[in-house]
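Observations on chain architecture
The primary structure of each chain is shown beneath.
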Amino acid sequence: SRQPQLGVSGGLNQQGGPLVNAAGGSGTLWTLGATASYEVDLFGRIAKDLDATRFDVASREALLQSAGLLLQAEVAQNYFSLRWLDAERSVLDRTIKAHLETLRVAERRLAMGSVAELEVARLRGEAAAAQSESFVLERRRAELEHAIAALAGQAVSTFSVPEGEWRAVLPFIPAGIPSTVLTRRADVAAARHTLQASQARLGLAKSAWFPNLSLTASQGFASTGWRDLIAAS
């Protein structure tokens, strides 16, 4: 630390035999003391240590931002996939209705004897296949909805995304963006701060070869009774 270090200490020492000290020969000795120390940063050791710590903190903050961006990206991808499923289900629902209408017409023609039973069976199979695919899309949509709820920290049982059509316009990234924009990425910033912290610690290791200069001072009192210890005299 760049600031002076201060300390206060007190104690009670009691022995069965006589004590030989400045407080007298009693078996009880009260002590009260204060210390102060300050290390002069002659070769920048403390400054490099503080710099390394600051870079570590910046790296952790960037990693936290990176984790938040990854979470947001995962939510966005799941939401886009869910809306794509909504669009696909809308098309599939219209397809199923068309299959069922064609099947009803074919069954009426079969009753009149104007169409073969094999043709009606084929139409029934196509309608059943379309309905089966609709169940698959519905299950997939529920999975995406549950994933969004988990990523958003919401209860799955009460969370829902109403069906709707995607109308928003995605942002357009123009060509020719300079590579310096990559330095704004949180993971790149974290790597840069980690490198800076390592460089600061390298300088810290080099400064360990040089001597340290510490200024210390201490003052204390001792007495056989605590009342005399805190007396003004």
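Residues numbered from 1 in each chain as written. Predicted model: local features only at pLDDT ≥ 70, side-chain atom pairs only at ≥ 80, totals over all residues. Heavy atoms only, no water.

Side note on the overall build of the protein
A count of helical and extended segments in the protein gives four helices and three strands. In the protein, the succession of helices and strands from N to C terminus is β-β-α-α-α-β-α. Per-residue burial for the protein yields a buried fraction of 21% across its 233 residues. Looking at the protein alone, contacts between residues at least 24 apart form 72% of all its contacts between residues at least 6 apart. Total accessible area computed for the protein in this model is approximately 16600 Å², and 59% of it derives from carbon and sulfur atoms. (Helix = DSSP H or I, 4+ residues; strand = E, 2+ residues; numbered from the N terminus. Buried < 20%, exposed > 50% of the residue type's maximum accessible area, 1.4 Å probe, protein only. Contact = heavy atoms within 4.5 Å. Areas by Shrake-Rupley, 256 points an atom, 1.4 Å probe, with all protein chains shown as cover.)

A look at helix 3 (residues 186-207)
Its 22 residues give helix 3 an end-to-end C-alpha distance of 32 Å, which sits within 8% of 32 Å, the value for a rise of 1.5 Å per residue. Lining the buried residues of helix 3 we find helix 1 (45-111). (Expected span 1.5 Å × (residues − 1).)

Here's the deal with the confidence of the model for the protein
Fine structural detail should not be taken from predicted coordinates in areas where pLDDT scores are low. Of all residues in the protein, 89% have pLDDT values of 70 or greater, and the mean over the chain is 83. Helix 2 (residues 117-151) holds the highest mean pLDDT among the elements of the protein, 90, whereas helix 4 (residues 226-229) holds the lowest, 67. (pLDDT = per-residue confidence, 0-100.)

Here's the deal with the pattern of salt bridges
Counted by the stated rule, this structure contains 12 salt bridges. Between Glu-163 and Arg-89 there is a salt bridge; the shortest N-O distance is 3.1 Å. Of this pair, Glu-163 sits in the loop between helix 2 and helix 3 while Arg-89 is found in helix 1, placing the two residues 74 residues apart along the sequence. Residue classification places Glu-163 among the exposed positions, given a relative accessible area of 56%. Residue Arg-89 is classed as buried on the basis of its relative accessible area, which comes to 13%. Between Glu-107 and Arg-124 there is a salt bridge; the shortest N-O distance is 3.3 Å. Of this pair, Glu-107 sits in helix 1 while Arg-124 sits in helix 2; the two residues are 17 residues apart in sequence, bridging distant segments of the chain. Residue class for Arg-124 comes out partly exposed when judged on its relative accessible area of 43%. Bridged by salt links that share partners, the residues Arg-83, Asp-86, Arg-141 and Glu-145 form one connected network. (Salt bridge = Lys/Arg side-chain N within 4 Å of Asp/Glu carboxyl O.)

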